[in-house]
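# Descriptive analysis of the structure
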Amino acid sequence: MRLFALTALTMIAFAANSVLNRMALAGGSIDAASFGSIRLIAGAVMLGALCLALRGRLRLGGAGRVMGVVALLVYIYGFSAAYTALDAGLGALILFGVVQITMFAGGLVAGEVTPPRRWIGAALALAGLAWLLWPGAGPRISVPHGLSMAAAGVGWGLYSLNGRRAVDALQATAANFILAAPLGVLIGLALSAGSGGTHIGPEGIALAILAGAITSGLGYALWYRVLPGLDASVAAVAQLTVPVIAVAGGMVFLGEGLGLQTVLASALVLGGVAVSVLRFRG
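The model shown is predicted, which means the values in this text are computed figures rather than measured ones.

## Let's talk about the overall build of the protein chain
Of the regular secondary structure elements, the protein chain holds 10 helices and 0 strands. Helices and strands appear in the protein chain in the N-to-C order α-α-α-α-α-α-α-α-α-α. Taking 282 residues into account, the globule formula puts the C-alpha radius of gyration at 19 Å, and the protein chain, at 18 Å, falls close to it. In terms of its C-alpha atoms, the protein chain occupies a principal-axis envelope of roughly 50 × 45 × 40 Å. A burial count over the protein chain gives 52% of its 282 residues as buried. Taking contacts inside the protein chain between residues at least 6 apart in sequence as the whole, the part at least 24 apart equals 88%. With an accessible surface of roughly 12,900 Å², the protein chain has 72% of that area assigned to carbon and sulfur atoms. Charged side chains in the protein chain number 15 positive and 7 negative. The centres of these two groups are separated by 12 Å.

Printed below as a string of structure tokens:
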């Protein structure tokens, strides 16, 4: 029961990243680049503190560090930019679908044996994403912002693939956040200048810190804590709930709605991912 509760709490934290980001940007209390920078810094501080508290040290080196930092930056700023227009749940769905497709493609490149169900699942998820992003598919879909979220999904997918080499996932994640933070500040300033300047209000700062320190930093730490106790199929099913929770959060806290076409396309994406990641017994 404790493991279930901790897993549910982790999935809520992951979904809350989308809700908090959209809430800050929709309210106009902060620009997208500044939100990403503050989230990155807050996450670095929290993860660094956790490593010192739980491990007694902080190790910044390790295999794949450059790839981890670059992929993290692509994810953070693509994610924030997308939520200037996308609904929270829709953004989470695009992110989740693209992450799974990226990891599928990474497996192919690495020469992993790919069963037919993974091909079918990836094709279904890709078809659902194409339906969501196709021009005119729905009045609430912004193709440029959808592509921005897709870029974030590629970044997080590569980050996840790269993270497989990590001996200590918490240490590796903390190192990536800490090394990415100063680069992120420079990127954030450049992006803000190109989009008309920086605007930061107290509400936006608070939401960014909450997203970085709590739902990202503590969320990732908690996930690495519960993951060893979960079967692979259970972990996959748990992650399938993240877009659903984000949709519910968007409806409750942001007043977002769903059209029939979006619901059907979303079901296609999640169904494709389920076919791809779950093992069905005959």
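Further notes follow.
## Observations regarding helix 4 (residues 88-109)
When the terminal C-alpha atoms of helix 4 are compared, their 32 Å separation across 22 residues agrees well with the 32 Å that a helix rising 1.5 Å per residue should span. Within helix 4, 19 of the 22 residues are buried, which leaves it mostly tucked inside the rest of the structure. One or two residues past the end of helix 4 sits Gly-111, with phi positive at roughly 85°.

## Quick word on a nonpolar patch on the surface
Taken together, the side chains of Met-251, Val-252, Phe-253, Leu-258 and Val-263 define a hydrophobic patch exposed on the protein surface, amounting to about 510 Å² of accessible area. The element best represented in the nonpolar patch is helix 9 (residues 232-254), accounting for 3 residues. With respect to the helices, strands and loops of the structure, Phe-253 is situated in helix 9.

## Here we look at the nonpolar core
Among the nonpolar cores identified, the biggest contains 73 residues, and Leu-40, Leu-72, Tyr-75, Ile-94, Leu-132 and Met-149 are the most heavily contacted of them. If sequence neighbours within four positions are ignored, Met-149 has contacts with Gly-78, Phe-79, Ala-82, Tyr-83, Leu-86, Gly-91, Ile-94 and Leu-95.

Criteria and thresholds
Residues numbered from 1 in each chain as written. Predicted model: local features only at pLDDT ≥ 70, side-chain atom pairs only at ≥ 80, totals over all residues. Heavy atoms only, no water. Helix = DSSP H or I, 4+ residues; strand = E, 2+ residues; numbered from the N terminus. Rg over C-alpha atoms; globule rule 2.2 N^0.38 Å. Buried < 20%, exposed > 50% of the residue type's maximum accessible area, 1.4 Å probe, protein only. Contact = heavy atoms within 4.5 Å. Areas by Shrake-Rupley, 256 points an atom, 1.4 Å probe, with all protein chains shown as cover. Lys, Arg positive; Asp, Glu negative; His and termini not counted. Charge placed at Lys NZ, Arg CZ, Asp CG, Glu CD. Expected span 1.5 Å × (residues − 1). Patch = residues over 30% accessible without salt bridge, like charges linked within 9 Å, V, L, I, M, F, W, Y side chains within 5 Å. Salt bridge = Lys/Arg side-chain N within 4 Å of Asp/Glu carboxyl O. Core = buried A, V, L, I, M, F, W, Y, C linked by side-chain atoms within 4.5 Å.

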